[in-house]
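# Structural features, examined
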Amino acid sequence: METVGLIPCAGKGTRLGLPFSKEMFPDIHNDRFRPIIMYTIEAMQLAGIKHLIFTINPNKKDLIDFLGNGKQFDMDFSYCIHPEPKSLPESLNEAFHLIKDKRVVFAMPDTVITPKNFVIDSLKEHISNEKSLVTLSCFKTDNPTSVSVVEFDGNMITNVIEKPQETNLHWMWGSMVWEPIFSQELNDFVKNTNPRKGAQELYVSDALHNLINKNSVFAYKFTNGEYRDLGTYQSINDWSLIKQGSL
């Protein structure tokens, strides 16, 4: 089965309010222009993934111009236009026609994840576990109320909670590997589900619950890894204080 990468780039980047696509924010730890999306692309490259699929806001012409068809990275790039960004599940589902019979590695475009080979490790874990239909790459977090936190039974996921008001959980998921059955689950979820009470949008976490109840979702815990979301100025400022050699 072919493995493809899926990177959602449909968001408007309202938290930053930049005059350019947030995925094009410069890597401040590099001495030449290199946008932060390259961290995710290079993690896919290291894992030997040749085909990347981007769900993209049509206004992000600067990002499309930079990425092109992927040949400059010795890869193939496909774009699925998501004209009205609403939620992450809806953005991912724009690529359903391309991913429905593929194994998918999903990661965000505005994050820096260590170790750099996190995709390799997550894929190996996923493929080696015959029971896993979805594998979540999990990282410790100091801010559990702002992320999607997870509960475990060994390496099996027993619950995923989106931005809880209060919690004593300290592990979050940051990327995913899944089999075609979850692409279908996600497609059905988007078509048939309304946002939960009090929420303004759909969450990928909620789309996982059916397979969690079937004991088919597992975790790969990066005990010494780090997940850094660069979606706010505070997170970018914190990142700028890190010495380049420590990345």
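Just so we're clear, the structure is a prediction, and the values are computed from it rather than from any experiment.

Cut-offs used in this document
Residue numbers restart at each chain and count upward from 1, following the sequence in its written direction. For this predicted model, a pLDDT threshold of at least 70 governs which residues receive local features, and a threshold of 80 or more governs which side-chain atom pairs are given and counted, while totals over whole chains, interfaces and linings are taken from all residues. Side-chain metrics in this entry use all non-hydrogen atoms of the structure; hydrogen atoms and water are not considered. By the convention used here, strands pair only if DSSP detects at least 2 bridges between them. Think of it this way: any DSSP run of H or I at least four residues long counts as a helix, any run of E at least two long counts as a strand, and we number them from the N terminus. Summary of the metric used: pLDDT quantifies the predictor's per-residue confidence within the range 0 to 100. By definition here, a salt bridge exists when the distance from a side-chain nitrogen of Lys or Arg to a carboxyl oxygen of Asp or Glu is within 4 Å. Throughout, exposure labels follow a simple rule: accessible area from a 1.4 Å probe, protein chains only, divided by the maximum for the residue type, with under 20% read as buried, over 50% as exposed, and the rest as partly exposed. Here a pair means two rings of Phe, Tyr or Trp (six-membered ring of Trp) with centres within 6.5 Å. Their orientation is stacked below 30 degrees between planes, edge-to-face above 60, and tilted elsewhere. The criterion for a charge sitting over a ring is simple: Lys NZ or Arg CZ within 6 Å of the ring centre, and within 35 degrees of the ring normal.

Another point: the pairing of strand 8 (residues 156–162). One ladder, built from six bridges, connects strand 7 (residues 148–153) with strand 8; its direction is antiparallel. Residue pairing in the sheet places Val-150 in a bridge with Val-160 of strand 8. Here strand 7 folds back onto strand 8, and the loop between the two strands holds two residues, one of which, Gly-154, carries a positive phi near 70°.

Of the residues in the protein, 89% reach a pLDDT of 70 or more, and the chain-wide mean stands at 88. Mean pLDDT across the secondary structure elements of the protein bottoms out at helix 9 (residues 233–240), with 65, and peaks at strand 4 (residues 103–106), with 98.

Moving on: the pattern of salt bridges. For the structure shown, the criterion picks out seven salt bridges. Between Asp-101 and Lys-102 there is a salt bridge; the shortest N-O distance is 3.0 Å. By relative accessible area, Asp-101 is classed as partly exposed at 48%. The partner of Glu-226 in a salt bridge is Arg-228, with the nearest N and O atoms 3.1 Å apart. Looking at Glu-226, the relative accessible area reads 35%, which means it is partly exposed.

What follows covers unusual backbone geometry. In this chain, Thr-114 is followed by Pro-115 through a cis amide linkage whose omega measures 5°. Inspection of the secondary structure assignment puts Pro-115 in the loop between strand 5 (111–114) and helix 5 (118–128). The backbone phi angle of Asp-74 is positive, close to 60°, even though this residue is not glycine. Note on placement: Asp-74 falls in the loop between helix 2 (61–67) and strand 3 (76–81). At Lys-163, a residue that is not glycine, the phi angle is positive and equals roughly 45°.

A full pass over the atoms with the stated rule returns 11 aromatic pairs. On the numbers, 6.3 Å between centres and 50° between planes, the contact of Phe-66 with Phe-73 is tilted. What links up through ring pairs into an aromatic cluster is the set Phe-54, Phe-66, Phe-73, Phe-77 and Tyr-79. Just above the ring of Tyr-39 sits the side chain of Arg-34; from NZ or CZ to the centre is 4.4 Å. Of note, Lys-221 hangs over the ring of Phe-152, and the distance from its end group to the ring centre comes to 4.1 Å.

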